[in-house]
Amino acid sequence: TVSDYHIVWSGESSRYMGYQAQANYYGFLISNNDWSGRWTRVMTAGQPDDLASQFPTFYAKRHPYSRRYGPLNKADGIIKWYESVDRPKSEVIVLIDPDNWLTNSVADIAKKVKRGQGLAQAAWYSGSSQLKNLWKIVCKERCNEPVYATAVPYFIHRDDLAVVAPLWRMYTLMLKERTEVDQAFKQQYQGLQIDWGAEMLGWNFACTHAGVHFTVLPRVQVRDVDSPLPKNLEKEVKMIHMGRAWFPKNYAPAEQWRHTEGRNWNYRGVQVWCKCNVTADKIYPWPIPEGTDYQSRITLEYLYKSREKFGVIPDSPLRPRNYHEPLA
């Protein structure tokens, strides 16, 4: 049978991405999304890695520009997925990032998607006048249409994504290539993080170009650096955006894992884990003490229990020794 919706994210084969694939799939399985949804990792590489036999994976060769800007893989991978025999059959596609770990079913949101009408989280730059100004400069179609400032998760009709994905890649490349040669342009739109965030802006512009409208939703995901989520909202939020984890300051064993990085977040507790740390795929602080905030608890619980369920990810030439270096 065809699932109601298909959850997909883009990544590479690396030490940095390995545990994220494992924990992301674990979240899919325990959040009741496996009842009516599917899950796929769209991996950019010249060959499958050893995790492809364990976690549903589509792989495609990389675009040359992705060596300079990795997030281009998001649009490029989706285009190649659609061009393959594995193209999605579900009517609704849910695009997330590898560090979006599902905590509740997204079926109630997915069922609201229609052709030409999607739903998504509000982007951090929502309300910025710069977004409208930038669209006027780069637009190719529908230049007078409003731009929806959306961020993952994106809920979109399968047929709309077929149109949006090539435009997404086009606008992403357009923005990146111009920032490389026009420093004044780059500086003017630095408030939108146009250098690193080009793929987010490219998505917004592609959807406007294609005439796909969005209902912008609050609090579909909660970020690690957001205020600790109140208990009464735990069933409402659909996923976390993981990054860091803290233990309470009065928990003495936390000192064995204390990070020197992340001092700006000291008020949250003792930072014991961060995806930015090159030991992130090796050291999982455990057990989790009482008083740990929601985002930290989900992060560390998914890390530990996904390894418990699927096994330790072995060292492999398919994941280069350098933490962030991807398989070619």
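Just above sits the structure.
Read on for an overview of the structure. Numbering of residues begins from 1 in every chain and follows the order in which that chain's sequence is written. This being a predicted model, a pLDDT of at least 70 is required before a residue's local features are given, and a value of 80 or more before pairs of side-chain atoms are given or counted; all residues contribute to the totals for chains, interfaces and linings. Neither water nor hydrogens contribute to the side-chain values; these are computed over all heavy atoms in the structure.

Observations concerning the side chain of Asn 73
Then step 1. The helix count covers DSSP runs of H or I at least four residues long, the strand count covers runs of E at least two residues long, and both are numbered beginning at the N terminus. You can see Asn 73 is positioned in helix H2 (residues 72–82).
Then step 2. Any two residues whose heavy atoms approach within 4.5 Å at even a single point are treated as in contact. Those residues in contact with Asn 73 that lie beyond four places of it in its chain are Ser 10, Glu 12, Thr 44, Arg 62, Ser 66 and Ile 78.

Things to note about the sheet that holds strand S5 (residues 100–102)
Pairing between the strands of a sheet is mediated by backbone hydrogen bonds and can be parallel or antiparallel.
Then step 1. Strand order in this open sheet of three strands is S5-S10-S9, and the pairing throughout is mixed. On the outer flanks of this sheet lie S5 and strand S9 (221–223), each paired with one strand and no other. Averaged over all pairs of adjacent strands, the angle between their axes in this sheet comes to 25 degrees, without regard to strand direction. In this description, strands pair whenever DSSP reports at least two bridges between them. The convention used is that axes are lines fitted to C-alpha atoms, helices contributing only their stretch in contact, and that angles between N-to-C directions extend from 0 to 180 degrees.

Notes on the nonpolar core
Then step 1. Judged by nonpolar contacts, the single largest core of 52 residues is most densely connected at Ile 7, Tyr 19, Phe 155, Val 272 and Trp 273.
Then step 2. By residue number, the principal contributor to this core is helix H1 (residues 15–30), which donates eight residues.
Then step 3. Ignoring any residue separated from it by four or fewer positions in sequence, one finds Ile 7 in contact with Phe 28, Asn 33, Arg 38, Trp 39, Thr 40, Val 94, Ile 96, Leu 102 and Val 106.
Then step 4. Ranked by size, the runner-up nonpolar core spans 49 residues in total, among them Ala 123, Ala 149, Leu 161 and Ala 206. In this description, a nonpolar core means a group of buried Ala, Val, Leu, Ile, Met, Phe, Trp, Tyr and Cys residues linked to one another through side-chain atoms lying within 4.5 Å. We call a residue buried when its accessible area falls under 20% of the maximum for its residue type, exposed when it is over 50%, and partly exposed in between, using a 1.4 Å probe and counting protein chains only.

Focus on the state of the cysteines
Then step 1. Count a disulfide wherever a pair of cysteine sulfur atoms falls within 2.5 Å. Tallied over the entire structure, the rule returns two disulfides.
Then step 2. Paired by a disulfide, Cys 139 and Cys 143 hold their sulfur atoms 2.1 Å apart. Sign of the S-S torsion, about 105 degrees for the bond between Cys 139 and Cys 143, identifies this disulfide as right-handed.
Then step 3. Here Cys 274 pairs with Cys 276 through a disulfide, and the sulfurs are 2.2 Å apart. The chirality of the disulfide connecting Cys 274 with Cys 276 is right-handed, given an S-S dihedral of about 125 degrees.
Then step 4. Judged by its relative accessible area of 3%, Cys 274 falls in the buried class.
Then step 5. Each disulfide of the chain joins two cysteines, and with those cysteines numbered along the sequence the arrangement is 1-2, 3-4.
Then step 6. Of the cysteine sulfurs around Cys 207, a residue in no disulfide, the closest is that of Cys 139, at 15 Å.

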